[in-house]
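Residue strings, one per chain:
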Amino acid sequence: MNSFPYEVMWERKDALERLDLRIRWGHYEIRVLRFHLTTFPPGKTVGFHKHSEFEFHFIPRGKGKVIMEDRSFDLTAGMFYVTGPGVMHYQEADASEAMDELCLHIDIVDRSSAPSIGDDRNVDKWEIADSGSCIEMLESLPLQPAIDKHDAMCCFLEAYQARCDNTLGSYTAIKHSIIQILLRAVKAYDMKDMPASLPSRDLNANRYRLALQYIRANYAGMMTLKDVAEKLNISSRQLQRILKAHHDNWSFCAILEEVRLDAVCRKLVETRLPIEKISVSEGFASANYLHAVFRKRFGMTPSQYREREFKSR
């Protein structure tokens with residue numbers, strides 16, 4: 001069995017992230033925020049979130065899935081995806097197999113109109129052209145994974161080895177590796193290699209599914225219709241219409257309450273926790289409020305429900 005070539009990166013996990021890397025490339029400054037190898041154990045999820053920077057996610061081993069905005073994609077070894085500023089995404093490792101990920105998070109700042117140290121006239125015009133074209137393409141990449149056909153992943157290992165060597169030329173090698181990751185990632189999305197047509201989906205049905213996933217993952221905390229709508233980058237009114245259209249005309253509040261009640265019922269049966277603790281842990285303001293809602297929904301109190309369920313076992 002072949003050994004995992006990136007195993008060595010576990011020896012000094014924060015080796016690259018300890019460096020304050022601000023790389024000048026053409027008219028751009030690239031600020032490296034995160035640069036490491038991580039792993040997701042089987043079933044591990046990273047809920048919907050977004051960042052202000054560019055994130056490069058390479059999968060050297062394992063499998064899972066990613067949801068970008070409203071589309072879901074399978075991930076396998078040898079693939080990668082890029083999320084730009086403000087792109088909502090969700091990641092999940094396969095239920096039975098861990099997934100490793102090489103991560104590069106960067107801020108890209110255009111310095112073409114800002115005062116700078118030195119004379120920009122001395123910057124290679126070809127470097128300016130390369131960096132400008134690369135960043136322009138990076139900002140318009142399709143929100144879908146690609147195959148790492150130009151082997152950008154090896155640049156992570158090259159940068160790590162240069163960092164550990166810490167000899168003359170190490171900084172230049174690390175800078176070269178980072179720039180190569182950007183260039184090779186963009187080249188992997190060459191539109192000539194994209195299929196002529198892509199499968200389509202019912203956008204609102206998928207938004208409904210994503211909304212329910214978010215509600216079920218965060219129901220115990222403070223949550224509003226606006227919170228969920230912002231996660232999906234749509235308006236509150238639009239989300240309310242989607243929920244009612246796909247959930248028997250139920251409102252957001254009714255759906256959230258039902259999810260919380262389902263959780264309360266599980267806690268009543270699976271634990272002996274007091275009703276007061278269950279009400280707070282599952283998102284209800286107080287035990288009295290839970291009693292009122294529970295009686296209206298089930299025709300009995302939480303205590304009566306618990307007693308009935310234990311007797312039926």
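Just so it is clear, the model here is predicted, and its values are computed rather than measured. Sequence order as written defines residue numbering, which begins from 1 separately in each chain. Under the rules for a predicted model, residues below a pLDDT of 70 receive no local features and side-chain atom pairs below 80 are neither given nor counted, while totals for whole chains, interfaces and linings still include all residues. With hydrogens and water set aside, each side-chain value is computed from the structure's full complement of heavy atoms.

### Looking at the overall build of the chain
Then comes step 1: Here a strand is any run of E in DSSP of at least two residues, a helix any run of H or I of at least four, and the numbering for each starts at the N terminus. Broken down by element type, the chain carries 10 helices and 9 strands.
Then comes step 2: When the backbone C-alpha atoms are referred to their principal axes, the chain occupies close to 80 × 45 × 40 Å.
Then comes step 3: Any residue under 20% of the maximum accessible area for its type is buried, any over 50% is exposed, and the rest in between are partly exposed; the area is computed with a 1.4 Å probe on protein chains only. In the chain, buried positions account for 43% of the 313 residues.
Then comes step 4: Only heavy atoms enter the contact rule, under which two residues are in contact if any of them lie within 4.5 Å. In the chain, 76% of the contacts between residues at least 6 apart in sequence involve partners at least 24 apart.
Then comes step 5: Accessible surface for the chain amounts to roughly 17100 Å². Of this, 50% is attributable to carbon and sulfur atoms.
Then comes step 6: Counting 43 positive and 43 negative side-chain charges, the chain places the centres of these two groups 7 Å from one another. We get accessible surface area from the Shrake-Rupley algorithm with a probe of 1.4 Å; when it comes to residues, only the shown protein chains can shield them. His is not counted here, nor are the chain ends, while Lys and Arg score as positive and Asp and Glu score as negative. Lys charges are placed at NZ, Arg charges at CZ, Asp charges at CG and Glu charges at CD.

### Some thoughts on the nonpolar core
Then comes step 1: In this description, a nonpolar core means a group of buried Ala, Val, Leu, Ile, Met, Phe, Trp, Tyr and Cys residues linked to one another through side-chain atoms lying within 4.5 Å. Counting residues in each nonpolar core, the largest one holds 53 residues, and the members touching the most others are Phe35, Phe56, Phe58, Leu104, Ile178 and Leu182.
Then comes step 2: With residues near it in sequence (within four places) discarded, phenylalanine 58 still touches Met79, Phe80, Asp100, Glu101, Leu102, Asp148, Ala152, Met153, Phe156, Ile181 and Ala185.
Then comes step 3: The next biggest cluster of nonpolar side chains, apart from the first, holds 25 residues, and it includes Phe48, Ala229, Leu243 and Ile255.

### Some thoughts on helix α1 (residues 125-138)
Then comes step 1: Working rule for helices: expected span equals 1.5 Å times residues minus one. Taking 1.5 Å of rise per residue, the 14 residues of α1 would be expected to cover 20 Å, and the 20 Å separating its terminal C-alpha atoms lies within 8% of that figure.
Then comes step 2: Residues of α1 that are buried sit in contact with β1 (22-25), β2 (28-40), β4 (54-68), β6 (79-83), β8 (99-110) and α3 (170-188).

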